[in-house]
Amino acid sequence: MSLASLIVSSSYFRALQLFVFTALLALPSFAAAFDVPGTAVAAGALDEGEPRVEAVLLVDQKVVRPGETFQVGVLFQIEPEWHIYWRNSGQGGMSTEVKFSADEVYFKELQWPAPNVYEEAGGEIITFGYSDQVLLFAQAQVGDTTNPSLKIFADIDYLVCKVNCIPGQARLEQTILMAQPGFEQDTKQDAKIAAVFAESNARMPVNPASSDAVTVQYSHQPIGPTDEFRIKLRVDACLLNNTPNNNTPCEPFAAPPASASRTLVFDEVPQIELEVISAQAMPDNAAIWEIELQGRANPDKPAGDARFSGVLLLTSATGRALPTNFDFPLPRTDQATQPADLPAAATGAATTGASATATAIPPTAATTSSVPWWQALLLAFFGGMLLNLMPCVFPVLGIKVFALIDLAHKERQSIYVHSLAYTAGIVASLLVLASIVIGLKFAGTQVGWGFQFQEPLFVAGVGAVLVIFALNLFGVFEIGVQAQSIEKLSANAQGPRRSFGEGILAVILATPCSAPFLGTAVGFALTSSPVLILLTFTVLGLGLAAPFVALSLIPSLSKWLPRPGPWLLHFKQVLGFFLLGTVIWLAWIFGQMNGVDGIVRLLMFLFAASLAAWIYGAVQYKMPRTKYIGSAIAAAILILSAWFTLGHQSAAGAPSAAAQTTTASNAPLDWQPFDNQAIAAELAAGRPVFVDFTADWCITCQVNKSRVLHSSEVVDAFEKSNTTAFIADWTRRDERIRLELEKFGKAGVPLYLVYSPDRPNSPEVLPELLTRARVMESLQKAARKP
């Protein structure tokens, strides 16, 4: 059998034949409809063998002359229920790219018809794009060329989504003729192609006829890093298509859509997240609309001033589409300018830069902190003790139980040393934390309990520490031993330095939790003098260490501990897996702040940290030269991996206001982003309000959500009492939320408030550990009429 016949008869070639035959079946019908060559058409984004998008390169003239202007575009034909994306894809997706090229042809900016707004994932994600059919086109001008024809290329890259998303790309090509001198040639394209260009031009947004037709107002400016702000657009239908001197009666707008996000699309603003939060007609004039957006700047310093631009997706009362461009300067600064209470955009004439004062719900004397210093210290001690029951500290407690079992039957002096070392580690690390707090206070920055978990690099560092501790428990290397002999290695495997380090680790893992009594005590400390801050943190550390010290120092308690034996080795390794489980939680926190890409970078760093720990363990008991070289290599791997994977962390994944409403992801309740004005409006309307101050790194918060707030009984109680739920997400720094916590004498989350319309200034403060009965009782009481 010849090689050719073997290839033809092979299954691979038959599969290739089937693929080519299927593609050829899909292409001719679309190409024939517009009388273009096959090279100008591509079917892509295959789903179960079927293309979800077909694209064709169109030119609005058959023949062009030197210096002449014509239009070239790519027509996307999209399967029903699927869509591609606009130049800003919104909160998901990927923007569509179309790049034209040709020799001696100059292409102007790509033109984008007015897009649609898509509410995906049940309205949690807002995206901008196109469905069915859209032509993305550009003006082109021919240079001074003598070529008889022009070859035009279009490189396209897109993402098409329904439930799943499929990327597609292609290079389209078409040749058009150059007019020959002395010959009369028909330059017009056929009617179908001309109609496509005419329809797309009709869908293009227009500029308002008057500069007063669309005006902007910022809650404050310039916008600095971490600022949260509002933007209000005021739109006058009478001025959109008419000048102020034209008295032609204007047509009012249609009623605002049910979802305010459908009123406009905006271009991406570097380092800023935007979300449309309201759209309403003026009560006395349906021809004037006010659209409000909420913005949040990430911590990175801006490169300079930005632009706030996009398209208003307006519709007249008769159903006529009125897509309108808007474009305003957005001043930026590299200094944080966030006011204490976020001002709301004022009503009335909109002028850039105007500001107003927000009406916030004032705290009463009953809600502010007025705890005597001795009570605060007592609360700090008991709060530290109860921290041992929090999920955050479970991994370290397991390690200490292992140590207790091993120590219980040794000399009392050894037990005292370990207890003292563990307590010293806790107190020393808390004093370091207190010193940082004092320094930040002197620098003019206010912080709260658990503030370090708002920093991605800190979360990554804790994750690396836990992975290294876990590898130590697995026996990859040893901590706190000399290399003189294996006998000494066995004797010192649980040295005091290890207990000191475990005390530090307990503090690191404890700070995301705010046990009962702890929030009030730390809140008192953070608003007090430096001496009281140091004293409170010291007492807190003594409370955290107290249970372990009691178990180790009271001989009668040690009788209840099992005797050491070979089983301890397996128990120690099991504890290592618990530490790795905690790393999963940290990776989730890191991902909430930095997205999926951030999780990948963190995993790369943890992989490198594991490799460094393994190298160190391999050379730990070698000759000094080998040990030093190996240790240097391990340190270099750790430092370089941290630099390349974490050294360029940004806050691109920082939660936006939209993310705040979805912190309780998949929750049956409709959570609204925290806003004092919105809370006041709900109370004025006679509706009770529940406010959840939470953070992704707060384990107690997540337990309360899953076991209480998302339970069917509590959800029913919310509905029956007609209570509006607000969520204050403190995963990333937010000065408004910190100040609100401070009003209620708290320095950290969780905090739960229940407002009654009859007592708007005296909310009930629920305990940090919620129960279903307590929440339902509070909701019922808040809704009860006097």
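Parameters at a glance
Residues numbered from 1 in each chain as written. Predicted model: local features only at pLDDT ≥ 70, side-chain atom pairs only at ≥ 80, totals over all residues. Heavy atoms only, no water. Helix = DSSP H or I, 4+ residues; strand = E, 2+ residues; numbered from the N terminus. Contact = heavy atoms within 4.5 Å. Areas by Shrake-Rupley, 256 points an atom, 1.4 Å probe, with all protein chains shown as cover. Pairing = 2+ DSSP bridges. Axes fitted to C-alpha atoms, helices over the stretch in contact; angles between N-to-C directions. Core = buried A, V, L, I, M, F, W, Y, C linked by side-chain atoms within 4.5 Å. Buried < 20%, exposed > 50% of the residue type's maximum accessible area, 1.4 Å probe, protein only. Salt bridge = Lys/Arg side-chain N within 4 Å of Asp/Glu carboxyl O. Patch = residues over 30% accessible without salt bridge, like charges linked within 9 Å, V, L, I, M, F, W, Y side chains within 5 Å. pLDDT = per-residue confidence, 0-100. Phe/Tyr/Trp six-rings, centres within 6.5 Å; stacked < 30°, edge-to-face > 60°. Lys NZ or Arg CZ within 6 Å of the ring centre and 35° of its normal. Expected span 1.5 Å × (residues − 1). Arc of directions from axis to C-beta. Polar contact = N/O pair within 3.5 Å; in protein donor to acceptor, adjacent residues only side chain to side chain.

From N to C terminus, the protein includes 21 helices and 24 strands. Within the protein, counting contacts between residues at least 6 apart in sequence, those at least 24 apart form 75% of the total. For the protein, the accessible surface area stands at approximately 35700 Å², while carbon and sulfur atoms represent 60% of it.

The strand order across the open sheet built from 5 strands is 20-22-21-23-24, with neighbouring strands paired in mixed fashion. Both edges of this open sheet fall to strand 20 (671-673) and strand 24 (759-766), since each of them pairs with a single strand only. The average angle at which neighbouring strand axes cross in this sheet is 30 degrees, direction not considered. Where strand 21 (residues 689-694) lies against strand 22 (residues 724-729), 6 bridges are found, and the strand directions are parallel. Across the sheet, threonine 694 pairs through a bridge with aspartate 729, a residue of strand 22. The strands touched by helix 20 (residues 735-743) are strand 21, strand 22 and strand 23 (751-756); relative to strand 21, the strand with the most contacts, the crossing angle is about 110 degrees. Relative to the sheet, helix 21 (residues 772-783) contacts strand 21, strand 23 and strand 24, its axis offset from that of strand 24 by approximately 170 degrees.

Leu58, Phe70, Val74, Phe76, Leu233 and Phe308 are the most contacted members of the largest nonpolar core, which has 91 residues in total. Sorting elements by how many residues they give to this core places strand 10 (residues 133-142) first, with 7 residues. Setting aside residues no more than four positions away along its own chain, phenylalanine 70 makes contact with Val59, Asp60, Gln61, Val64, Val105, Ala138, Gln139, Ala140, Val142, Ile152 and Ile176. Core analysis: the next-biggest nonpolar cluster, separate from the first, contains 36 residues, Val689, Cys701, Phe718 and Ile737 among them.

The next thing to look at is the environment of aspartate 132. When you line up the elements, aspartate 132 lands in the loop between strand 9 (125-131) and strand 10. For aspartate 132, a relative accessible area of 48% gives the class partly exposed. Apart from residues no more than four positions distant in its own chain, aspartate 132 is found in contact with Phe76, Gln77 and Ile78.

With the rule as written, the count across this model stands at 16 salt bridges. Note that arginine 171 and aspartate 155 form a salt bridge whose closest N and O atoms lie 2.9 Å from each other. With arginine 171 in strand 12 (residues 165-178) and aspartate 155 in strand 11 (residues 149-161), this pair connects stretches of sequence that are 16 residues apart. With a closest N to O distance of 3.0 Å, arginine 307 and aspartate 327 form a salt bridge. With arginine 307 in strand 18 (residues 306-315) and aspartate 327 in strand 19 (residues 321-330), the pair connects residues that are 20 residues apart, well separated along the chain. You can call arginine 307 partly exposed: its relative accessible area is 45%. Given the relative accessible area of 46%, aspartate 327 is considered partly exposed.

Further remarks concern the sheet that holds strand 18. An order of 15-18-19 is seen for the 3 strands of this open sheet, with the pairing classed as antiparallel. Looking along the sheet, the strands with just one partner apiece sit at the ends: strand 15 (264-266) and strand 19. Strand-to-strand twist in this sheet, taken as the mean axis angle between neighbours without regard to direction, amounts to 20 degrees. The sheet contact formed by strand 18 and strand 19 spans 10 bridges and is antiparallel. Across the sheet, residue valine 311 finds its bridge partner in strand 19, namely asparagine 325.

So, about unusual backbone geometry. Going from glutamine 221 to proline 222, the amide bond is cis rather than trans, its omega being -5 degrees. Checked against the element boundaries, proline 222 lands in the loop between strand 13 (214-218) and strand 14 (228-236). The backbone of glutamate 81 shows a phi angle near 75 degrees, a positive value even though the residue is not glycine. The phi dihedral of aspartate 132 is positive, around 65 degrees, even though this residue is not glycine.

Attention now goes to the environment of threonine 538. You can see threonine 538 is positioned in helix 12 (residues 530-553). Judged by its relative accessible area of 22%, threonine 538 falls in the partly exposed class. Taking the C-alpha atoms as reference, threonine 538 lies 9.0 Å from alanine 434; in sequence the two are 104 residues apart. Contact partners of threonine 538, with chain neighbours within four places excluded, come to Val427 and Leu431.

A surface patch of nonpolar side chains, amounting to about 390 Å² of accessible area, comprises Trp374, Leu378, Phe382 and Met385. Looking at the secondary structure, you find tryptophan 374 in helix 5 (residues 373-387). Judged by its relative accessible area of 48%, tryptophan 374 falls in the partly exposed class.

Residues at a pLDDT of 70 or more form 69% of the protein, whose mean pLDDT is 75. Within the model, pLDDT remains below 50 along residues 650-666, and this stretch shows 49 contacts once partners closer than five positions in the same chain are excluded.

What follows is about the pairing of strand 22. Counting buried residues in strand 22 gives 6 out of 6 residues, a clear majority hidden from the surface. Burial of the side chains of strand 22 extends over both faces: Thr724, Phe726 and Ala728 are buried on one face and Ala725, Ile727 and Asp729 on the other. The pairing of strand 20 with strand 22 spans 3 bridges and is parallel. Its bridge partner lying in strand 22, proline 673 is registered against isoleucine 727.

Describing an aromatic ring pair means giving the distance of the ring centres and the angle of the ring planes. Under the criterion given, the structure shown has 12 aromatic pairs. A centroid spacing of 6.3 Å and a plane angle of 80 degrees characterise the contact between phenylalanine 137 and phenylalanine 197, whose relative ring orientation is edge-to-face. Within this pair, whereas phenylalanine 137 is found in strand 10, its partner phenylalanine 197 is found in helix 3 (residues 191-202), the two being separated by 60 residues in sequence. Under the relative-accessibility criterion, phenylalanine 137 is labelled buried at 1%. Residue phenylalanine 197 is classed as buried on the basis of its relative accessible area, which comes to 3%. Their ring planes at 50 degrees and their centres at 5.0 Å tell us that phenylalanine 308 and phenylalanine 326 sit as a pair that is tilted. Of this pair, phenylalanine 308 sits in strand 18 while phenylalanine 326 sits in strand 19, placing them 18 residues apart in sequence. For the pair phenylalanine 308 and phenylalanine 326, one class covers both residues: buried. Every member of this aromatic cluster is reached through a ring pair, and the members are Trp671, Phe690, Phe718 and Tyr752. For the cation-ring pair, arginine 171 lies above phenylalanine 153, with the distance from its terminal atom to the ring centre recorded as 4.4 Å.

A rise of 1.5 Å per residue sets the reference length of helix 12, with its 24 residues, at 34 Å; its end C-alpha atoms lie 33 Å apart and thus fit the reference within 8%. Those residues of helix 12 that sit buried are Ile533, Thr536, Phe537, Val539, Leu540, Gly541, Gly543, Leu544, Ala545, Phe548, Val549 and Ser552.

Here the focus is helix 17 (residues 676-684). Residues lying three or four places apart along an α-helix face the same way, a consequence of the helix completing one turn every 3.6 residues. Of all the positions in helix 17, only Asn676, Ile679, Glu682 and Leu683 are classed as buried. The buried residues of helix 17 occupy an angular sector of 125 degrees when projected down its axis, which confines them to one face. Residues of helix 17 that are buried make contact with strand 21, strand 22, helix 20, strand 23 and strand 24. A distance of 3.0 Å separates the backbone nitrogen of glutamine 677 from a side-chain oxygen at the start of helix 17, and that oxygen is part of aspartate 675. Count one or two residues on from helix 17 and you reach glycine 686, which has phi positive near 90 degrees.

This part covers the pairing of strand 4 (residues 69-78). Counting buried positions along strand 4 gives 8 out of 10 residues, so the element sits mostly inside the fold. Pairing geometry for strand 4 and strand 10, over 9 bridges, is antiparallel. Its bridge partner lying in strand 10, valine 74 is registered against leucine 136.

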